[in-house]
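Architecture and fold: a report
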2 protein chains.
Amino acid sequence: MKTLTVELGDRSYPIFIGQGLMGDAELVKPYVKGQQVLIVTNTTVAPLYLEKCKQAFADFNVQSVVLPDGEEYKNLETLNLVFDELIGKRFDRSCTLIALGGGVIGDMTGFAAAAFQRGVNFIQMPTTLLSQVDSSVGGKTGVNHPLGKNMIGAFHQPECVVIDTETLNTLEDRQLSAGLAEVIKYGLIQDPEFFEWLEANIEKLLAREPEALAYAIERSCQDKADIVAKDEKEAGLRALFNLGHTFGHAIEAGMGYGKWLHGEGVSAGSMQAVYMSKLLGNLTQADETRIQALFERAKLPILPPSVAEMSNDKFLGLMAGDKKVQAGTIRLVLLKSIGQAYVTGDYPQELLEKTLTDWR
Amino acid sequence: MKTLTVELGDRSYPIFIGQGLMGDAELVKPYVKGQQVLIVTNTTVAPLYLEKCKQAFADFNVQSVVLPDGEEYKNLETLNLVFDELIGKRFDRSCTLIALGGGVIGDMTGFAAAAFQRGVNFIQMPTTLLSQVDSSVGGKTGVNHPLGKNMIGAFHQPECVVIDTETLNTLEDRQLSAGLAEVIKYGLIQDPEFFEWLEANIEKLLAREPEALAYAIERSCQDKADIVAKDEKEAGLRALFNLGHTFGHAIEAGMGYGKWLHGEGVSAGSMQAVYMSKLLGNLTQADETRIQALFERAKLPILPPSVAEMSNDKFLGLMAGDKKVQAGTIRLVLLKSIGQAYVTGDYPQELLEKTLTDWR
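None of these values were measured; they are calculated from a predicted model.

1. Considerations on the relation of the copies chain B and chain A
- Each copy superposes on the other: chain B lies on chain A with an RMSD of 0.0 Å after a rotation of 180° and an axial shift of 0.0 Å. Viewed as a symmetry operation, the transformation between the two copies matches a two-fold axis. For chain B, the smallest separation between a C-alpha atom and the rotation axis is recorded for B:Leu76, amounting to 3.8 Å.
- A share of 97% of interface residues in chain B that are also interface residues in chain A marks the association as one of identical surfaces.

2. Here we look at the packing of helix α10 (residues 262-279) of chain B against helix α13 (residues 349-358) of chain B
Residues and elements named next belong to chain B.
- At a minimum axis separation of 10 Å, α10 and α13 run at an interaxial angle of 130°. Between α10 and α13, the crossing angle belongs to the class labelled oblique. Pair α10 / α13 crosses with right-handed handedness. Contacts between α10 and α13 involve Gln 272, Tyr 275, Met 276 and Leu 279 on the former and, on the latter, Leu 351, Leu 352, Lys 354, Thr 355, Leu 356 and Asp 358.

3. A few points about the domain arrangement of chain A
Residue and element names in this part refer to chain A.
- Considered domain by domain, chain A is made up of domain 1 (2-170) and domain 2 (173-358).
- Spacing between the C-alpha centres of domain 1 and domain 2 amounts to 25 Å.
- Both sides of the domain 1 and domain 2 interface together cover about 3,000 Å² of buried area, and 64% of this is carbon and sulfur.
- When the buried area of domain 1 at its contact with domain 2 is split by residue, Leu 129, Val 133 and Lys 149 rank highest and sum to 21% of it.
- Connecting domain 1 to domain 2 are 6 salt bridges.
- Taken together, domain 1 and domain 2 are joined by 12 residue pairs in polar contact (both at pLDDT 80 or more).
- Mapped by element, the contributors of at least two residues to the side of domain 1 that touches domain 2 are β1 (2-6), β2 (13-18), α5 (129-135), β7 (140-145) and β8 (148-155).
- A total of 6 residues in the side of domain 1 that touches domain 2 trace back to one element, the largest contributor, which is α5.
- Here the residues of the side of domain 1 that touches domain 2 sort into 15 nonpolar, 13 polar and 8 charged.

4. Notes on the interface of chain B and chain A
- Contact with chain B, which involves 35 residues of that partner, is made by 34 residues of chain A.
- In total, chain B and chain A occlude about 3,100 Å² of area from one another, counting both sides; carbon and sulfur atoms represent 57% of this.
- At the surface where chain B touches chain A, the tally comes to 2 salt bridges.
- Put simply, chain B and chain A have 12 residue pairs in polar contact (both at pLDDT 80 or more) between them.

5. Notes on the packing of helix α9 (residues 245-255) of chain A against helix α10 (residues 262-279) of chain A
All names here are of chain A.
- The N-to-C vectors of α9 and α10 enclose an angle of 130°; their axes lie 7 Å apart at closest approach. Classified by the interaxial angle, the pair formed by α9 and α10 is oblique. Note that α9 runs across α10; the crossing there is right-handed. Every residue of α10 that contacts α9 at His 245, Phe 247, Gly 248, His 249, Ile 251 and Glu 252 is listed here: His 262, Gly 265, Val 266, Ala 268, Gly 269, Gln 272 and Ala 273.
- Across the contact of α9 with α10, the residue classes tally to 5 nonpolar, 7 polar and 1 charged.

6. A closer look at the environment of B:Phe195
All names here are of chain B.
- Tracing the backbone through its elements, the reader meets Phe 195 in helix α7 (residues 192-206).
- In this structure Phe 195 comes out as buried when scored by relative accessible area, which is 0%.
- Counting along the chain gives 143 residues from Phe 195 to Ile 338, while the straight-line C-alpha distance between them is 8.0 Å.

7. Remarks on the pattern of salt bridges
- A full pass over the atoms with the stated rule returns 45 salt bridges over all chains.
- A salt bridge links A:Glu85 to A:Lys89, with the shortest nitrogen-to-oxygen separation between them at 2.5 Å.
- For B:Asp358, the salt bridge goes to B:Lys354, with nearest N and O atoms at 2.7 Å. Residue B:Asp358 and its partner B:Lys354 are both found in helix α13; the two are separated by 4 residues, about one turn of the helix.
- If you follow the salt bridges from partner to partner, you end up with A:Asp134, A:Glu182, A:Lys185 and A:Lys224 in one network.

8. Remarks on the packing of aromatic side chains
- Evaluated as defined, the whole model comprises 12 aromatic pairs over all chains.
- Ring plane angle 70° and centroid distance 6.4 Å describe the contact between A:Phe194 and A:Tyr215, whose orientation is recorded as edge-to-face. With A:Phe194 in helix α7 (residues 192-206) and A:Tyr215 in helix α8 (residues 210-230), this residue pair connects regions lying 21 residues apart in the sequence.
- Their ring planes at 50° and their centres at 4.7 Å tell us that A:Trp197 and A:Tyr215 sit as a pair that is tilted. Taken together, the residues span a long stretch of sequence, with A:Trp197 in helix α7 and A:Tyr215 in helix α8 at a distance of 18 residues.
- Through a chain of ring-to-ring contacts, three or more aromatic side chains come together here, namely A:Phe194, A:Trp197 and A:Tyr215.
- The side chain of A:Arg118 reaches across the aromatic face of B:Phe155, ending 5.9 Å from its centre.
- The cationic tip of B:Lys224 hangs over the ring face of B:Phe241; the distance from NZ or CZ to the ring centre is 5.3 Å.

9. A word on the side chain of A:Gln272
- Turning to its location among the elements, A:Gln272 is positioned in helix α10.
- Setting aside residues no more than four positions away along its own chain, A:Gln272 makes contact with A:Phe247, A:Ile251, A:Pro304, A:Phe315, A:Thr355, A:Leu356 and A:Trp359.

10. Observations concerning the pairing of strand β2 (residues 13-18) of chain B
All names here are of chain B.
- Counted residue by residue, β2 has 6 buried out of 6 residues, so it is predominantly covered.
- Residue alternation in β2 divides its side chains into two sets, Tyr 13, Ile 15 and Ile 17 and Pro 14, Phe 16 and Gly 18, and both sets are buried.
- With 5 bridges joining them, strand β1 (residues 2-6) and β2 adopt antiparallel strand pairing. Bridge assignment links Thr 3 to a residue of β2, and that residue is Phe 16.
- Where β1 folds back on β2, the antiparallel hairpin that results is connected by 6 residues, among which Gly 9 adopts a positive phi of roughly 60°.

11. Focus: unusual backbone geometry
All names here are of chain A.
- Positive phi, normally seen in glycine, also occurs at Arg 208, with a value near 60°.
- For Arg 208, the location among the structural elements is in the loop between α7 and α8.
- Notably, Lys 299 is not glycine yet its phi reads approximately 65°, a positive angle.
- Looking at the element boundaries, Lys 299 is found in the loop between α11 (285-297) and α12 (312-320).
- Lys 299 sits in the exposed class, given a relative accessible area of 64%.

12. Observations concerning helix α2 (residues 46-56) of chain B
Residues and elements named next belong to chain B.
- What α2 keeps buried is the set Ala 46, Tyr 49, Leu 50, Cys 53 and Ala 56. Projected down its long axis, α2 carries its buried residues within an arc of 120°, all on one side. Exposed side of α2, more than 90 degrees from the buried face: Pro 47, Glu 51 and Gln 55 are the residues found there.
- Lining the buried residues of α2 we find α1 (25-28), β3 (36-42), β4 (61-67), β5 (96-101) and β6 (121-126).

What counts and what doesn't
Residues numbered from 1 in each chain as written. Chains lettered and ligands numbered in written order. Predicted model: local features only at pLDDT ≥ 70, side-chain atom pairs only at ≥ 80, totals over all residues. Heavy atoms only, no water. Least-squares fit on C-alpha atoms with pLDDT ≥ 70 in both. Contact = heavy atoms within 4.5 Å. Axes fitted to C-alpha atoms, helices over the stretch in contact; angles between N-to-C directions. Helix = DSSP H or I, 4+ residues; strand = E, 2+ residues; numbered from the N terminus. Parallel < 35°, antiparallel > 145°, perpendicular 65-115°, else oblique. Left-handed = near helix turned anticlockwise from the far one by under 90°. Domains from an automatic or database assignment. Buried area = accessible area lost by both parts, 1.4 Å probe. Salt bridge = Lys/Arg side-chain N within 4 Å of Asp/Glu carboxyl O. Polar contact = N/O pair within 3.5 Å; in protein donor to acceptor, adjacent residues only side chain to side chain. Nonpolar A, V, L, I, M, F, W, Y, C, P; charged D, E, K, R; others polar. Buried < 20%, exposed > 50% of the residue type's maximum accessible area, 1.4 Å probe, protein only. Phe/Tyr/Trp six-rings, centres within 6.5 Å; stacked < 30°, edge-to-face > 60°. Lys NZ or Arg CZ within 6 Å of the ring centre and 35° of its normal. Pairing = 2+ DSSP bridges. Arc of directions from axis to C-beta.

See the structure below:
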């Protein structure tokens, strides 16, 4: 087992990474405050892992709630099912919520924990690659609004993150690839050495070789933890994690939540950012080809929906509604080079429009 | 104008108290960060004060949303109307929300500000006595769940609180009395001198004499600010503010939100706590009579609903669902004497039941 720490003063917490951690009662015990535990999971994960997860909390009064699976259910209405359970079963302020599932479950459970009685504890037990390398770390929680992703939420850090890499054995191929989009992102924005490692090892990851996966998860979590420690509430640096996300969120919202997986939007969106970075003279054609090749080898889409499916105007409208917007300017994460990203609202508008037109 | 400060380190903020402050653009300008301002108010307050309030933000891009009026609308569904407006009008992270109204508007606007894009700024402009002396100060925000009050929310401090005492001229008598319940509460829990002042001046407050009202508001806010500064997130001391609230919340929920005003529940609930404190030997019959007389002079109910309307079992069930419960014990705020409250879960259960039976 590997242990990393997210350094946030008195809100610091560990990330545990290893095989078969889920049923480990001794591991999680120190992170449960009271006696009441609610496991929040979904219809896909419950048949696979709910019983095993419950064993880890057998010493406590453990209850569970099973939500419908999918980004299209990440809203206030579904969140209310968690509150109904908590309040109906008389959970108090000393309770602990467990997020057992992917990024949607993690974000919703975290927000439920942030808002229930104005804040209770929670533990992340991510079961998808995407949530293991990204959303379970850093305390961003929330739900979607029909007009924009994660518009309603809170910064609320977990007590610990338990990453059982065995859960990846039951993950669909498409979900595995979606997770790789966020892994590749870390290489692109800040870790050129890791990007090269991924170029050498992407097929091992697709083949689910345990050692390769464990390394990719650990390195991704370390990259993320380093930046979160410096910028918990996204005043600056942390915005780099949004490479491909302003484009990608527009794709997800524009096509209807659940059609495109988040990681798929990030992949196509990152390539849009790469293309625009090339137009700006930051990246060479060789860089673009190299990045595209890695996403393609990871079995990820590199093009957004067609103009017929999503016009430039619709794209721009949805991007302008994204959280990264300040005072009307669409702020984008672009690349200076492979391994170095920057945030900017200072670019010729026609280059953004050219990107939306050309890169289809 | 009087200025108090809630001392919370880098989240400290001023409370301005005075006549005619609402239209004062210079006063609020330093507390608005970006260009976008959304005033959140309700159908009762909008015709009276929305235009005046808008003038104070004339230098900004100011929008407004008018919610239905009443505790029965303090829920996630109504909250979503605020999010619809914010997202539909493309408000960004640098926006400022203005809570223009009573406690319900303040709590909902504050929670909307806490959750929108994981946290934006807001300003409290309370227009009822109750919200001026209590809910606008201290950063508690939230909405109700059908099974319990304020079950879903956040601690989120405003940028400033603007108390225009002129707004009390348009307040219904019943609402004015409800506000006095919270004013009397400060005397009971920590300020015996203020309790005596209230005994001498309660009729002046009911007659809305400006000087008396300004003094009562200032002293209440100061009492509250002192404790909030010491215990922002209710780890201990702050729980004293809940005198009468565990009983009172049960009354509000049990009778259906909106039937009893919050202050009315606090008044009857405080008398239940007083009666129980007498049973415990803390208060004398003379104390009880004296406290009862002050609530009665303030035109507040001193008895909860009848047993026929709300059985002891229903009362206990709703009290057990309240936030103050930890590990099954109903924690209560009781009085040691007039001017000294304490929180306890350690009392004979039969005394609580006797209180519910006798004090009707």
